[in-house]
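Each chain, written out:
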Amino acid sequence: METEKFDYIVIGAGPAGLASAQYAARGGLKTLVLDMAGAGGQVLQINELENYPGVYPVVNGAEFMENMKVQAEAFGARIEMQNVSSIDKKGDVFSVATKKVVYEAPYLCIATGAIHRDLGVPGEENLKGRGVSYCAVCDGPFFRNKKIFVIGGGDSACSEAIYLSTLSKDVTIVHRRDSFRAQKAVVDKMLAAGVKPVYDSVVKSINGTNKVESLTLQNVKTGEETVVETDAVFIFTGMLPQTELVDMLPKDQAGYIITNDEMETNVPGLFAAGDVRSKSFRQVVTAVSDGAIAAHKACELKLHKK
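Residues numbered from 1 in each chain as written. Predicted model: local features only at pLDDT ≥ 70, side-chain atom pairs only at ≥ 80, totals over all residues. Heavy atoms only, no water.

A word on the sheet that holds strand 4 (residues 78–80)
An order of 4-3-2-8-19 is seen for the 5 strands of this open sheet, with the pairing classed as parallel. Whereas interior strands pair on both sides, the edge strands pair on one side only; in this sheet they are strand 4 and strand 19 (270–272). When strand polarity is set aside, the average angle formed by the axes of neighbouring strands in this sheet is 20 degrees. Bridge analysis of strand 3 (residues 31–34) against strand 4 gives 3 bridges, and the strand direction is parallel. Within strand 4, the position partnered with V33 by the bridge is I79. (Pairing = 2+ DSSP bridges. Helix = DSSP H or I, 4+ residues; strand = E, 2+ residues; numbered from the N terminus. Axes fitted to C-alpha atoms, helices over the stretch in contact; angles between N-to-C directions.)

Structure follows, in structure tokens:
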């Protein structure tokens with residue numbers, strides 16, 4: 001099998017991965033980015049990106065990520081659409097295996113992100129970005145003073161419902177159980193903010209043609225179905241960090257990779273950046289920051305090796 005050598009390999013071509021590639025290549029590292037789906041990540045689901053500093057008027061996520069890709073390539077990064085099958089380390093060198101090529105580098109950044117746990121109901125996929133959202137900070141302002149439904153019952157769902165209640169007085173949260181799993185203090189604050197709870201219920205379908213118009217809810221105890229009108233549905237039923245390639249790394253309780261402030265894992269030369277790592281706030285801007293920090297540290301380590 002063919003082998004190619006690089007200074008720095010990034011797995012994942014979302015905001016963290018492309019930012020890391022840009023900074024690494026600009027810093028003089030021979031840089032490779034690998035991603036099975038090409039450049040984009042979750043940002044491709046954002047219809048209007050309005051809260052990235054310095055990017056205004058709004059752009060859509062696909063345009064934003066295409067610009068990041070072109071910028072990284074302009075500095076010399078190489079971006080390949082390939083699936084990584086395994087990662088190994090021999091001495092100070094990482095081996096990243098794909099179907100036809102093994103890529104080697106002394107520094108490796110995992111920027112594989114996390115995926116939202118979908119409800120898997122009719123209408124969800126078709127209406128993503130048109131009323132179906134998984135990020136209140138990203139999309140909440142588009143539904144100011146509109147009718148909003150939140151799906152979930154943990155800390156994340158309740159916290160996001162609190163935020164959304166600052167944008168609209170008509171926020172309802174739907175939970176499949178008869179009590180919330182979130183911390184009592186968070187639930188109390190949510191209810192005090194005027195968020196209306198619907199217990200013992202699940203979403204059967206999200207309805208609408210060009211945008212979300214209603215939800216079909218089912219009571220899990222009685223089986224009764226009801227249709228409720230809404231302008232938006234925010235789904236917070238958990239995240240799945242994509243850590244399959246590096247399952248040996250220490251993770252937090254939610255499964256996110258633990259790093260230090262310079263994005264270093266407990267394996268020398270191995271970094272993690274973006275939504276795959278353990279942190280308190282996941283946004284495009286924080287992912288980009290992670291990627292830049294990881295690349296900067298890799299450049300420092302290479303410089304000190306000389």
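Now that the structure has been shown, we can carry on.
Side note on the side chain of T230
On the secondary structure map, T230 appears in the loop between strand 16 (225–229) and strand 17 (232–235). For T230, a relative accessible area of 3% puts it in the buried group. Only 3.0 Å separates the side chain of T230 from the backbone oxygen of K147, close enough to count as a polar contact. Contact partners of T230, with chain neighbours within four places excluded, come to K147, I148, F149, V212, E213, S214 and L215. (Buried < 20%, exposed > 50% of the residue type's maximum accessible area, 1.4 Å probe, protein only. Polar contact = N/O pair within 3.5 Å; in protein donor to acceptor, adjacent residues only side chain to side chain. Contact = heavy atoms within 4.5 Å.)

With respect to helix 5 (residues 184–192)
Among the residues of helix 5, V186, V187 and M190 are the ones counted as buried. Buried positions in helix 5, seen along its axis, are confined to an arc of 100 degrees and lie on one side of it. Away from its buried face by more than 90 degrees, helix 5 exposes K184, A185, K189 and A192. Residues of helix 5 that are buried in the fold lie against helix 4 (155–165) and strand 12 (171–174). (Arc of directions from axis to C-beta.)

Side note on the nonpolar core
In globular proteins that are soluble, nonpolar side chains generally tend to be buried together. Judged by nonpolar contacts, the single largest core of 35 residues is most densely connected at Y8, L49, F64, M68, C109, F271 and V284. Residue assignment for this core shows that the elements contributing at least two residues are strand 2 (8–11), helix 1 (15–26), helix 2 (61–74), strand 8 (107–110) and helix 6 (284–305). For this core, the leading source of residues is helix 6, giving 7 residues. V284 has contacts with P15, V43, I46, L49, Y52 and F64, leaving out every residue within four places of it along the chain. Core analysis: the second largest hydrophobic core is formed by 21 residues, F180, A182, V186 and V187 among them. (Core = buried A, V, L, I, M, F, W, Y, C linked by side-chain atoms within 4.5 Å.)

Let's talk about the pattern of salt bridges
Counted by the stated rule, this structure contains 16 salt bridges. Note that E262 is salt-bridged to K297, the shortest N-O span being 3.4 Å. Here E262 is found in the loop between strand 18 (239–241) and strand 19, whereas its partner K297 is found in helix 6, with 35 residues between them in sequence. Of the charged contacts in the structure, one is a salt bridge between E300 and K297, with a shortest N-O distance of 3.8 Å. Of this pair, E300 and K297 both sit in helix 6, 3 residues apart, which is roughly one turn of the helix. Look at E300 and you get partly exposed, because its relative accessible area is 28%. Overall, the relative accessible area of 15% leaves K297 in the buried class. (Salt bridge = Lys/Arg side-chain N within 4 Å of Asp/Glu carboxyl O.)

Some details on the pairing of strand 2
Along strand 2, one buried face is formed by Y8 and V10 and the opposite face, lined by I9 and I11, is buried too. Here strand 2 runs beside strand 3; their pairing, made up of 4 bridges, is parallel. When the bridges of strand 3 are listed, Y8 appears paired with T31. Taken together, strand 2, helix 1 and strand 3 form a β-α-β motif whose crossover is right-handed. Direction of pairing for strand 2 relative to strand 8: parallel, over a ladder of 4 bridges. Considered in strand 8, the bridge of Y8 is made with Y107. (Right-handed = clockwise from strand over helix to strand, strands pointing away.)

Here we look at the packing of helix 4 against helix 5
Interhelical geometry of helix 4 versus helix 5 gives an angle of 30 degrees and a closest axis separation of 9 Å. Overall, the two elements helix 4 and helix 5 adopt an arrangement that is roughly parallel. Regarding helix 4 and helix 5, the two cross each other, and that crossing is left-handed. Taking contact as the criterion, the partners of D155, C158, S159, A161 and I162 in helix 4 are, on helix 5, V186, V187, K189 and M190. Tallied by class, residues from the contact of helix 4 with helix 5 come to 6 nonpolar, 1 polar and 2 charged. (Parallel < 35°, antiparallel > 145°, perpendicular 65-115°, else oblique. Left-handed = near helix turned anticlockwise from the far one by under 90°. Nonpolar A, V, L, I, M, F, W, Y, C, P; charged D, E, K, R; others polar.)

Here we look at the sheet that holds strand 12
Within the open sheet, the 5 strands sit side by side as 10-17-11-12-13. Their pairing is parallel. Each edge of the open sheet is held by one strand with a lone partner, namely strand 10 (132–133) and strand 13 (196–198). Both strand 11 (residues 148–151) and strand 12 contribute to a ladder of 4 bridges, which runs parallel. In the sheet register, I151 faces strand 12, and the bridge partner there is V174. Strands strand 11, strand 12 and strand 17 of the sheet are contacted by helix 4, whose axis makes an angle of about 170 degrees with strand 12.

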